[in-house]
Amino acid sequence: MERARFAHQIAEKRRLIKQYKMERERQQKLEEEEEIKRLRKELIPKAQLMPYFDRPFVARRSKKQPTVPREPKFCIPRHKTIKCCRMSCNDMSGPSLLQHLLSSVEKAEALYQQRGQLKEE
């Protein structure tokens with residue numbers, strides 16, 4: 001007897017929950033439809049008034065000052081130079097650049113040889 005009453009209460013609760021969910025979904029759907037209708041009414045393109053052409057257009061000079069041309073800067077700033085080659089752009093002409101690179105390679109080779117000799121000892 002108690003088991004039947006308990007099963008009936010469970011079935012009643014499930015039916016009420018299902019009914020509540022269906023009602024909530026129906027309300028949500030109605031709200032969405034109303035929102036869509038409202039948006040469609042707002043977004044209807046409306047005719048714009050024509051501008052008045054009774055006065056002729058008069059072109060006027062601009063009151064802004066013209067831009068002043070500047071010379072381009074072809075020099076690389078010191079903080080943007082290559083770390084191994086701390087030379088300015090003016091120093092990096094053909095022969096001096098080649099000499100600088102050769103000297104840096106020679107220095108690197110000398111360091112490499114020194115380290116190799118230290119490991120052998």
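Residues numbered from 1 in each chain as written. Predicted model: local features only at pLDDT ≥ 70, side-chain atom pairs only at ≥ 80, totals over all residues. Heavy atoms only, no water.

## Things to note about the overall build of the protein chain
Item 1. Counting its regular elements, the protein chain contains 2 helices and 0 strands.
Item 2. Classification of the 121 residues of the protein chain by burial places 2% in the buried group.
Item 3. Of the roughly 13,600 Å² of accessible surface on the protein chain, 58% is carried by carbon and sulfur atoms. (Helix = DSSP H or I, 4+ residues; strand = E, 2+ residues; numbered from the N terminus. Buried < 20%, exposed > 50% of the residue type's maximum accessible area, 1.4 Å probe, protein only. Areas by Shrake-Rupley, 256 points an atom, 1.4 Å probe, with all protein chains shown as cover.)

## Side note on the pattern of salt bridges
Item 1. Evaluated as defined, the whole model comprises 4 salt bridges.
Item 2. A salt bridge links R26 to E23, with the shortest nitrogen-to-oxygen separation between them at 2.6 Å. With R26 and E23 both in helix α1 (residues 2-42) and 3 residues apart, the pair spans about one turn of that helix.
Item 3. Relative accessible area serves as the criterion here: at 42%, R26 is assigned to the partly exposed category.
Item 4. Under the relative-accessibility criterion, E23 is labelled partly exposed at 37%.
Item 5. One salt bridge connects E35 with R38, and the closest N-O pair in it is separated by 2.5 Å. Placement of both E35 and R38 in helix α1 is noted, with a separation of 3 residues, approximately one turn of the helix.
Item 6. A single salt-bridge network, built from bridges that share partners, covers E35, R38 and E42. (Salt bridge = Lys/Arg side-chain N within 4 Å of Asp/Glu carboxyl O.)

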